[in-house]
Amino acid sequence: MAASSRSLAFWQRVAPRVPFCARERTRTCASVSRLQSSPLSGIHSRSTPIANAVLVKTQCRYKSSSVGSTSSAPVETEDNVLRVGRVKIPNIWLRDNCQCSTCFHADTKQRLHDTFQIPHNLRIRSSESDGKTTAIEWSDGHRSRYDHSVLRQAAAPFKERAIIRQGLAEEPVYWGSEIASSPPKVPHDAPNAMRKILENIRNYGFTYITNVPFHSPTPTEEILTSIAGFLRLTHYGGFYVFTSDLASADTAYTNIALEAHTDTTYFSEPAGLQAFHLLSHTDGEGGASLLVDGFKCALDLKSQDPEAYRILSEVNVHAHASGNKGISIQPFRGFPVFSHDPATGQLLQVRWNSSDRAGIELPIAETPKWYAAARKYNALLKKKRNEYWEQLTPGNILLFDNWRVLHGRSAFTGKRTICGAYVSRDDWVSRWKIERWGDEAAGRAIAAS
Ligand SMILES: [Zn+2]
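Everything quoted here is computed from the prediction, not taken from an experiment. Here the residue index of a chain counts from 1 through its sequence in written order. Selection of residues for local features in this predicted model requires a pLDDT of at least 70, selection of side-chain atom pairs for listing and counting requires 80 or more, and totals for whole chains, interfaces and linings are taken over all residues. Only hydrogens and water are set aside when side-chain values are computed; all heavy atoms of the structure are taken into account.

## Quick word on the coordination of the zinc ion
When a metal carries six donors in an octahedron, the ideal angles between them are 90 or 180 degrees, while four donors in a tetrahedron ideally lie at 109.5 degrees. What counts here: For Na, K and Ca the donor cut-off is 3.2 Å, while for other metals it is 2.8 Å, and in both cases only N, O and S atoms qualify; water is not among them, so sites may look incomplete. Only two sets of limits are used to name each site, 85 to 135 degrees for every angle of a tetrahedral four-donor site, and over 155 degrees for opposite donors with all other angles from 65 to 115 for a square planar four-donor or octahedral six-donor site, with any other site named irregular.
Surrounding the zinc ion are the protein donor atoms Cys98 (SG), Cys100 (SG), Cys103 (SG) and His142 (NE2), which sit 2.0 to 2.2 Å from the metal. One way to put it: the four donor atoms around the zinc ion meet at angles of 104 to 116 degrees, and that makes the site tetrahedral.

This is the structure in structure tokens:
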């Protein structure tokens, strides 16, 4: 099983049994009108101890198991209870997360023991701390040793625990048209280029990769493939090289202007990274690229109209890809325009593609509420101060986070050759986590995140 899905499944198992603080809503007329009449009712909106890790604060389904930061909290054991600061760590959790070689495979980072063979009434027989680790002898005779940094992370608020798990931006920059004066760039052959590329993606949502040879598409394909070791395949293929030529029959579909949108809303998991490299443009002009920071506009909407933000965060929308013969793709469920981490309330994904939109998951008579909210977000996306326009040039790959940044382009004439590809979200975030925190820290964080 992939590490990322394993860590999520693991997190779900160890999440404290605290009742949901946001009532599950069914999509009835009554619930929608209640939703409209009482913004933020029944939903916690909390500040975070690590302010710069927050993308967009919205709603949280769980109460945190801890109070405040635990980064330097003492680890103490007394009367059959281990505590980090004031947070009690249950014996079943400790024993289930024993890191000894019988219980845990150091190389694969996988659990080896049978969780359900652990006695339900397991007790601490004795314990000893050396200041950095605590050794425990259990009532069933098993011996464990726990690194205090792991215990502190296990006791930390969800927002702290999410940073490495999700590879969150530590210094996010929300931008508008002014980014044109100094867009993030990394020469592809710079030292530590991959780390800088992905750091830009995390902080800005996009980057240019410069100094890329453009005599053929191959160097671009190699650079994009090197992010995760492979590219995302879709029904269109993987790496593509696309030439639009006025002489060809499909011109009408290939040189028209495209409004800012995110790609592949019709997949259960939309493409993570997307890349464009303009290899050549001859006998014509136009075709400037448009980028819009979807998170920045979401923040603007949230401050201007919390109710509209909430509707776009709660009402699921369906999408489809049906234009190719033999293809009828739809996500396994509807998703809202704004998707958040249910544990932390952080905005993680914007889905915005009016062309591919299918049903709105509201009783049909209620759909004007969604349209009204979407109209407000659309107006923000189209404000001049939020639009970053750039003419792509050969030698520079534009790489962006399709879960955050919307893209479009102006109409153009002439013959353009563009190449590009997708990289899935889990795969590029995995590479980023390793580049940023290293294998060991990323692996150590899994049990407690
Ligand atoms: Zn063990």
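## Some words on the pattern of salt bridges
The line we're drawing: Any carboxyl oxygen of Asp or Glu that lies within 4 Å of a side-chain nitrogen of Lys or Arg is treated as forming a salt bridge with it.
Within the structure shown, the criterion is met by 16 salt bridges. Here glutamate 366 makes a salt bridge to lysine 369, at a shortest N to O gap of 2.5 Å. It is possible to trace a salt-bridge network through shared partners that takes in Arg125, Glu137 and Arg143.

## A look at the nonpolar core
Which entries qualify depends on this criterion: The nonpolar core is taken to be a set of buried Ala, Val, Leu, Ile, Met, Phe, Trp, Tyr and Cys residues, with the residues joined through side-chain atoms within 4.5 Å. Relative accessibility under 20% of the residue-type maximum defines a buried residue, over 50% an exposed one, and the middle range a partly exposed one, all with a 1.4 Å probe and only protein chains included. A run of H or I in DSSP counts as a helix once it spans at least four residues, and a run of E counts as a strand once it spans at least two, with each numbered from the N terminus. In this analysis, two residues are considered to be in contact whenever any of their non-hydrogen atoms come within 4.5 Å of each other.
In this structure, Leu198, Leu224, Ile227, Leu273, Leu399 and Trp428 are the most contacted members of the largest nonpolar core, which totals 32 residues. If you tally residues by element for this core, the top one is helix α12 (residues 425–448), at six residues. Not counting the four nearest positions on each side in its chain, leucine 224 is found in contact with Leu231, Phe239, Ala275, Ile397, Leu399, Gly420, Ala421 and Val423. Counting residues in each nonpolar core, the second largest holds 27 residues, with Phe295, Cys297, Ala298 and Ile360 among its members.

## Notes on the packing of aromatic side chains
Our working rule: Working definition: a ring pair exists when centres of Phe, Tyr or Trp rings (six-membered ring for Trp) sit within 6.5 Å. Plane angles under 30 degrees give stacked, over 60 give edge-to-face, the rest tilted. Only lysine NZ and arginine CZ atoms are considered, and such an atom sits over a ring when it is within 6 Å of the ring centre and within 35 degrees of the ring normal.
According to the stated counting rule, one finds twelve aromatic pairs in the structure shown. With a centroid separation of 5.1 Å and 85 degrees between ring planes, the pair formed by tryptophan 352 and tyrosine 377 is classed as edge-to-face. Of the two residues, tryptophan 352 sits in the loop between β17 (347–350) and β18 (357–360) while tyrosine 377 sits in helix α11 (residues 367–381), which places them 25 residues apart along the sequence. Tyrosine 377 shares its class with tryptophan 352; the two are buried. Centroid distance tryptophan 432 to tryptophan 437: 6.1 Å. Interplanar angle 65 degrees. Geometry classified as edge-to-face. Grouping residues by exposure puts tryptophan 432 and tryptophan 437 together as buried. In this structure an aromatic cluster arises from ring pairing among Trp175, Phe206, Tyr208 and Tyr388. The residue whose ring lies beneath lysine 302 is tyrosine 309, and the NZ or CZ to ring-centre distance is 5.9 Å. When the ring centre of phenylalanine 335 is taken as reference, the NZ or CZ atom of arginine 333 above it lies at 4.5 Å.

## Observations concerning the sheet that holds strand β6 (residues 124–129)
Test applied: When DSSP locates at least two bridges between a pair of strands, those strands are taken to pair. Simply put, an axis is a line fit to the C-alpha atoms, just over the touching stretch for a helix, and the angle between two N-to-C directions goes from 0 to 180 degrees.
If you trace the three strands from one edge of the open sheet to the other, you get β6-β7-β8, paired in antiparallel fashion. Where the open sheet ends on each side, the last strands, each with one partner, are β6 and β8 (143–147). Across the sheet, the mean angle from the axis of one strand to that of its neighbour is 20 degrees, orientation sign disregarded. Here strand β7 (residues 133–138) pairs with β8 via five bridges, running antiparallel. Bridge assignment links threonine 133 to a residue of β8, and that residue is aspartate 147. Relative to β8, helix α4 (residues 148–155) is tilted by about 75 degrees, and along the sheet it contacts β6, β7 and β8.

## Notes on unusual backbone geometry
Here aspartate 79, not a glycine, exhibits a phi torsion of approximately 50 degrees, which is positive. As for its position among the elements, aspartate 79 is in the loop between β1 (75–78) and β2 (81–84). You can call aspartate 79 exposed: its relative accessible area is 68%. One non-glycine residue with positive phi stands out, namely aspartate 283, at about 60 degrees. Its place among the elements puts aspartate 283 in the loop between β13 (273–282) and β14 (289–293). Judged by its relative accessible area of 74%, aspartate 283 is exposed.

## Some thoughts on the side chain of threonine 264
Its place among the elements puts threonine 264 in the loop between β12 (258–261) and β13. Each residue touching threonine 264, except ones within four places of it in the same chain, is listed here: Pro270, Ala271, Asn402 and Tyr422.

## Here we look at the packing of helix α9 (residues 294–304) against helix α10 (residues 306–314)
Heads up, the rule is: Angles below 35 degrees are treated as roughly parallel, those above 145 as roughly antiparallel, those between 65 and 115 as roughly perpendicular, and all remaining angles as oblique. Classes in brief: Ala, Val, Leu, Ile, Met, Phe, Trp, Tyr, Cys and Pro nonpolar; Asp, Glu, Lys and Arg charged; the others, Gly included, polar.
Remark: α9 packs on α10, axes separated minimally by 5 Å, with the N-to-C direction vectors making an angle of 125 degrees. When the axes of α9 and α10 are compared, the pair comes out oblique. In contact with Ala298, Leu301, Lys302, Ser303 and Gln304 of α9, α10 contributes Pro306, Ala308, Tyr309 and Leu312. Looking at side-chain class alone, the contact of α9 with α10 contains six nonpolar, two polar and one charged residues.

## With respect to the environment of valine 241
By secondary structure assignment, the location of valine 241 is in strand β11 (residues 240–244). What makes valine 241 partly exposed here is its relative accessible area of 44%. Apart from residues no more than four positions distant in its own chain, valine 241 is found in contact with Pro217, Thr417, Ile418 and Cys419.

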